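This is what each chain is made of:
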Amino acid sequence: MKAAVIVFPGSNCDRDLAVALRESGADVEMVWHKDTTLPSGLDFVGVPGGFSFGDYLRCGAIAAQSPICRSVVDFANKGGHVFGVCNGFQILAETGLLPGALLRNAGLKYICKTVPLVVENADTLFTRGYEAGQVIDIPIAHHDGNYTADAQTIERLQGEGRVAFTYGNNPNGSTADIAGVLSENKRVLGMMPHPERAFDTSHVGTDGQAFFRSIVSELVSA
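Criteria and cut-off values
- Residues numbered from 1 in each chain as written.
- Predicted model: local features only at pLDDT ≥ 70, side-chain atom pairs only at ≥ 80, totals over all residues.
- Heavy atoms only, no water.
- Salt bridge = Lys/Arg side-chain N within 4 Å of Asp/Glu carboxyl O.
- Buried < 20%, exposed > 50% of the residue type's maximum accessible area, 1.4 Å probe, protein only.
- Pairing = 2+ DSSP bridges.
- Helix = DSSP H or I, 4+ residues; strand = E, 2+ residues; numbered from the N terminus.
- Axes fitted to C-alpha atoms, helices over the stretch in contact; angles between N-to-C directions.
- Contact = heavy atoms within 4.5 Å.
- Disulfide = S-S within 2.5 Å.
- Expected span 1.5 Å × (residues − 1).
- Phe/Tyr/Trp six-rings, centres within 6.5 Å; stacked < 30°, edge-to-face > 60°.
- Polar contact = N/O pair within 3.5 Å; in protein donor to acceptor, adjacent residues only side chain to side chain.
- Core = buried A, V, L, I, M, F, W, Y, C linked by side-chain atoms within 4.5 Å.

Caption draft 1: The pattern of salt bridges, seen in detail. Going through the model one piece at a time under the given rule, you end up with six salt bridges. Among the ionic pairs, D74 bridges to K78, the shortest N-O distance being 3.2 Å. Residue D74 is classed as partly exposed on the basis of its relative accessible area of 37%. A salt bridge links E160 to R162, with the shortest nitrogen-to-oxygen separation between them at 3.0 Å.

Next up, the structure:
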């Protein structure tokens with residue numbers, strides 16, 4: 001399985017994402033935001049967390065206009081698998097690959113802690129390592145993680161099984177407790193919590209291991 005991890009000025013989880021993928025068996029290449037094309041033969045693209053371009057203007061808005069994002073959008077539109085975590089989720093929403101927007105946390109404070117997540121859909125490439133309804137512990141670290149969409153969009157996401165994860169204890173005010181959403185073809189996932197920070201045994205927990213091992217296993221056997 002061949003993966004690319006995009007790097008922007010201000011990315012701070014790109015290495016963590018690459019390590020989790022490599023430790024799960026993937027061949028990973030780091031791709032700079034000014035590149036105009038993705039490596040050939042890719043199976044997967046990861047858009048990491050951090051503070052791309054210092055979160056100026058609006059979180060993810062500037063990064064979404066980077067040259068490489070045009071290739072990421074094209075890759076996704078052709079059926080490629082894409083994962084955006086935290087700032088990466090914000091970027092994917094800004095590109096239009098995922099619906100909704102990430103607004104300022106309801107408490108107007110930056111939150112950094114481990115939270116319980118409920119696996120809502122265990123039948124995707126990203127989540128088959130879990131069981132539906134399983135509660136896992138994954139860290140969050142964000143200031144603008146309040147997922148917001150209109151009622152019709154929320155109803156559609158829920159009805160189509162496109163809510164991948166919900167918060168067991170909503171920390172940021174996200175509508176319907178949503179922590180992660182999928183594209184229509186369920187090949188693009190954006191989530192605010194960081195599974196790559198719950199991967200190594202030196203971390204507080206390892207509930208993120210099943211996430212990355214599922215991705216690699218599914219794409220290797222595809």
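Now that the structure has been shown, we can carry on.
Caption draft 2: Expanded view of the sheet that holds strand β4 (residues 81-85). Pairing is mixed in the open sheet, where nine strands are placed in the order β2-β1-β3-β4-β11-β10-β9-β6-β7. Only two strands of the sheet have a single neighbouring strand rather than two, namely β2 (27-32) and β7 (135-142). Each neighbouring strand pair of the sheet contributes to a mean axis angle of 20°, computed without reference to strand direction. Pairing analysis gives four bridges linking β4 to strand β11 (residues 188-191), with the strands arranged parallel. When the bridges of β11 are listed, G84 appears paired with G190. Packed on one face of the sheet, helix α2 (residues 67-77) meets β1 (2-7), β2, β3 (44-47), β4 and β11 and runs near 130° to β4.

Caption draft 3: Local environment of the state of the cysteines. A full pass over the atoms with the stated rule returns zero disulfides. Cysteine C112 is unpaired, with the sulfur of C86 as its nearest cysteine sulfur at 9.8 Å. Since its relative accessible area comes to 56%, C112 is described here as exposed.

Caption draft 4: Molecular detail of the environment of L98. Following the sequence through the fold, L98 ends up in the loop between α3 (87-95) and β5 (101-103). Considering only alpha carbons, one finds L98 and V188, 90 residues apart in sequence, at a separation of 7.7 Å. Residues within four places of L98 in sequence aside, it is in contact with F89, L92, A93, V181, L182, S183, V188, L189 and G190.

Caption draft 5: Main features of helix α5 (residues 209-221). Its 13 residues place the ends of α5 18 Å apart at the C-alpha level, agreeing with the 18 Å of an ideal helix rising 1.5 Å per residue. For α5, every residue scored as buried is listed here: Q209, F211, F212, S214, I215, V216 and L219.

Caption draft 6: Structural detail: the packing of aromatic side chains. Within this structure, the stated rule accounts for seven aromatic pairs. Both rings, one in F83 and one in F212, keep their centres 6.5 Å apart while their planes meet at 80°; by these two values the pair is edge-to-face. Linking F83 in strand β4 with F212 in helix α5, this pair joins segments that are 129 residues apart in sequence. Neither residue differs from the other here; F83 and F212 are each classed as buried. With 6.1 Å between their ring centres and 25° between their planes, F126 and F211 make a pair best called stacked.

Caption draft 7: A look at the side chain of T166. Looking at the secondary structure, you find T166 in strand β9 (residues 163-167). When its relative accessible area of 9% is taken as the criterion, T166 is described as buried. Of note is the side chain of T166, whose polar atom sits 2.6 Å from the side chain of E120. If we ignore the near neighbours within four places in the chain, the residues touching T166 are P116, L117, V118, E120, A176, D177, I178 and A179.

Caption draft 8: Broad picture of the nonpolar core. If you look at the biggest cluster of nonpolar residues, it comprises 70 residues, and the most contacted ones within it are L21, F165 and F211. The contacts of L21, once residues within four sequence positions are left out, are M1, A3, V5, A26, V28, F44, F212 and V216.

Caption draft 9: Seen up close, the pairing of β9. For β9, a buried count of five out of five residues is recorded, marking the element as mostly surrounded by other parts of the structure. For strand β6 (residues 111-119) and β9, the ladder comprises three bridges, and the chain directions are antiparallel. By the bridge assignment for β9, V118 is matched with T166. Examined bridge by bridge, β9 and strand β10 (residues 178-182) share three bridges and lie antiparallel to one another. In the sheet register, T166 faces β10, and the bridge partner there is I178.

Read these as spatial facts, not as claims about activity.
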